[in-house]
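# Chain and residue survey
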Amino acid sequence: MTNTTVEPDEASRLRNKVVDELCADGNITSSEVEAVMRRVPRHAFIPDTPLDKAYDTYAAVITKTDEHGVQLSSVSAPQIQAMMLEQAQVKPGMRVLEIGSGGLNAAYLAELVGKDGEVVTVDIDPAVTDRARRLLDEHGYGQVHVVTADAAEPVPDLGEVDVVMVTAGAWDISPAWTAQLRQGGRLVVPLRMRGLTRSVAFTQVKGEHGPYLESESARICGFVPMQGSTAHREELLLVNGTPEIGLKFDDGLPADPHRLDNAVTFPRHELWIGVTVRIQELIDTLQMAMAISLPGFCTMAVDENSDTSVVDPVNKRFALAAVQDDTFAYLVTRRTEDNKHLEYGVHALGPHAEQFAEKIAGVLRDWEADRRGGLSPVIRVYPAGTPDEQIPADRVIDKVHSRISLSWPPA
């Protein structure tokens, strides 16, 4: 379908290398997704980007930032695009709505739906849609409909679609997405839950009390956050009123955050748990175990410019953490003697540091015994206002438009 001029041999070689890597690591599992990712010239949709960066298998390309350097738009890494295309299961003849435009992913979708299908791509930023329209036209995808709008609202005259694919980080599920989705259709969305983002493939289910969404798969990912009416910022709690230690809460601050004011005046309690993981092992279920089990779950960041080593996380920008009343704690790791594994530990500060560290250690030990290497939690999305008794869940997260339940499958 593309009508680009003859590509440099190097671009073709790099593109095929990327696809080979994605087939080998399991992100590409179907011949259809493999074919379109070999066919569409990724670099042509990221002009002025060096080929080696355009074809970095696991890195996104940032296309727009604000005056503070905050990322507003990007072209996702090939690994993320392949993963989400596989989750969407797009077939010839389908109608697809893409939320978050850029051009490249719409081209992949156009290839997958074929001449009898339809792709509509929507973005709130006219600069993004203008760029997408130009690039799609230049490379033979004029049939893709490009719309400038806040996609949290229904797209006029769209009708029902088979797939809604969201390519911006979403904190909530807009009712417009499910309203435009046909019964049995699929919604693929990078959904943020308690500060953790997962690309979730949902299908609509007819329940006893009405329809709801249920996950078929959930894969760890990261995305530029959504703008517009469904935009949502984490709330930042500066421990002890200083700018050094920030605890980020996705669903509201603790009831009485000032109880933490004196936490850093207590000696840091350090506990090594004995739970180890391979250095390259995915820990997505461990993260979810903490998010589900700990009511005060949050993430911690440390200002490197004013760091006094009161805390000592491995990653100063992102550490899994939790708060309980007047005490907070966070996870740390250290290399084992064989240099092939990491052991988990807990650092806790506050008057009840020892007890809280043991509580978090118990969550990790339970994860190792029952959840490690197993299935992710089942994620269900119900309309806001759904009564608790109609929601089976280990944890319910209330959003503006929805109630999201997380339930572990049987261990």
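As a reminder, the structure under discussion sits directly above these lines.
Bear in mind that the values here come from a model prediction, so they are computed numbers and not experimental data. Numbering of residues starts from 1 in every chain and runs along the sequence as written. The predicted origin of the model limits local features to residues at a pLDDT of at least 70 and limits the giving and counting of side-chain atom pairs to 80 or more, whereas totals for whole chains, interfaces and linings rest on all residues. Water and hydrogen atoms play no part in the side-chain values, which are based on all heavy atoms of the structure.

Looking only at helices and strands, the chain features nine helices and 19 strands. The quantity called the radius of gyration is restricted to C-alpha atoms. Its globule counterpart is 2.2 Å times the number of residues to the power 0.38. For 411 residues, the compact-globule formula gives about 22 Å, and the C-alpha radius of gyration of the chain, at 22 Å, lands near that figure. Each principal axis of the C-alpha atoms in the chain carries an extent, and together these give about 65 × 50 × 40 Å. In the chain, which comprises 411 residues, the proportion classed as buried is 50%. Carbon and sulfur atoms form 49% of the exposed surface of the chain, whose accessible area is close to 18600 Å². In DSSP terms, a helix is any run of H or I states spanning at least four residues, a strand is any run of E spanning at least two, and both are numbered starting from the N terminus. When accessible area is computed with a 1.4 Å probe and restricted to protein chains, residues below 20% of their type maximum are described as buried, those above 50% as exposed, and intermediate ones as partly exposed. Accessible areas in this description were obtained via Shrake-Rupley with a 1.4 Å probe; residue shielding takes into account the shown protein chains only.

Moving on: the sheet that holds strand β14 (residues 319–324). Through backbone hydrogen bonds, the strands of a sheet pair up, either in parallel or in antiparallel fashion. Pairing is antiparallel in the open sheet, where seven strands are placed in the order β10-β11-β13-β14-β15-β16-β12. The strands lining the two open edges of the sheet, one partner per strand, are β10 (235–238) and β12 (269–278). Looking at each pair of strands side by side, their axes are set apart by 35° on average, direction ignored. For two strands to be treated as a pair, DSSP must find no fewer than two bridges joining them. Direction of pairing for β10 relative to strand β11 (residues 245–249): antiparallel, over a ladder of four bridges. Orientation is described by lines fitted to C-alpha atoms, with helices fitted over the stretch in contact, and by angles between N-to-C directions that extend from 0 to 180 degrees.

Across the six residues that make up strand β13 (residues 297–302), a large majority, six, are buried. Judged by which residues are buried, β13 turns out to be covered on both faces: Phe297, Thr299 and Ala301 on one side and Cys298, Met300 and Val302 on the other are all buried. Of the strand pairs in this sheet, β11 and β13 are connected by four bridges, and their pairing is antiparallel. Across the sheet, residue Leu247 finds its bridge partner in β13, namely Met300. Inspection of the sheet shows β13 paired to β14 by four bridges, in the antiparallel sense. Each residue of the ladder has a partner; that of Cys298, found in β14, is Ala321.

Bringing the sheet that holds strand β3 (residues 95–99) into the picture now. Pairing is mixed across the open sheet formed by 10 strands, whose spatial order is β5-β4-β3-β6-β7-β8-β9-β17-β19-β18. Looking at strand neighbours, the two that pair on one side only are β5 (145–148) and β18 (395–398), the edges of this open sheet. For this sheet, the mean inter-axis angle between neighbouring strands, taken without regard to orientation, is 20°. Looking at chain direction, strand β17 (residues 378–383) and strand β19 (residues 402–407) are connected through six bridges and run antiparallel.

Moving on, we come to unusual backbone geometry. Of note in this structure, Gln89 is not a glycine but carries a positive phi near 55°. Within the fold, Gln89 resides in the loop between α4 (78–88) and β3. One non-glycine residue, Asn339, lies in positive phi territory at about 65°. On the secondary structure map, Asn339 appears in the loop between β15 (327–335) and β16 (341–349).

Taking 1.5 Å per residue, 16 residues should reach 22 Å; helix α1 (residues 9–24) reaches 22 Å between its end C-alpha atoms and fits that length. Taken together, the buried positions of α1 are Ala11, Leu14, Arg15, Val18, Val19 and Leu22. Across the axial projection of α1, the buried residues extend over an arc of 135°, all falling on one side. With respect to the buried face of α1, the exposed residues turned more than 90 degrees away are Asp9 and Ala24. Considering only its buried residues, α1 is in contact with α2 (31–39), α3 (51–54) and α4. Phi turns positive, to about 90°, at Gly26, one or two residues after α1. For a helix, the expected span equals 1.5 Å multiplied by the number of residues minus one. The directions from the helix axis to the C-beta atoms form the arc being described. Whether two residues touch is decided by their heavy atoms; if any such pair falls within 4.5 Å, the residues are in contact.

This brings us to the packing of aromatic side chains. In this scheme Phe, Tyr and Trp rings, the latter by its six-membered ring, pair at centre separations within 6.5 Å, and the angle between planes marks the pair as stacked below 30 degrees, edge-to-face above 60, and tilted otherwise. If you walk through the whole model with that rule in mind, you get two aromatic pairs. Ring plane angle 50° and centroid distance 6.4 Å describe the contact between Phe45 and Tyr141, whose orientation is recorded as tilted. Here Phe45 is found in the loop between α2 and α3, whereas its partner Tyr141 is found in the loop between α6 (126–138) and β5, with 96 residues between them in sequence. We note that Phe45, like Tyr141, is buried. Measuring from ring centre to ring centre gives 5.0 Å for Tyr212 and Tyr382, while their planes differ by 25°; the resulting arrangement is stacked. A residue pair is termed long-range when its members are at least 10 positions apart, and Tyr212 in strand β9 (residues 210–220) and Tyr382 in strand β17 qualify at 170 residues. In this structure, Tyr212 and Tyr382 share a single accessibility class: buried. Over the ring of Trp272 we find Arg334, and its NZ or CZ is 4.0 Å from the ring centre. Criterion for a charge above a ring: Lys NZ or Arg CZ within 6 Å of the ring centre, and within 35 degrees of the ring normal.

Glancing now at the pattern of salt bridges. Put simply, a salt bridge is a Lys or Arg side-chain nitrogen that is within 4 Å of an Asp or Glu carboxyl oxygen. On inspection of all chains with the given rule, the structure shows 23 salt bridges. A salt bridge links Lys399 to Asp251; the shortest N-O distance between them is 3.9 Å. With Lys399 in the loop between β18 and β19 and Asp251 in the loop between β11 and β12, this residue pair connects regions lying 148 residues apart in the sequence. Overall, Lys399 belongs to the buried group, its relative accessible area being 9%.

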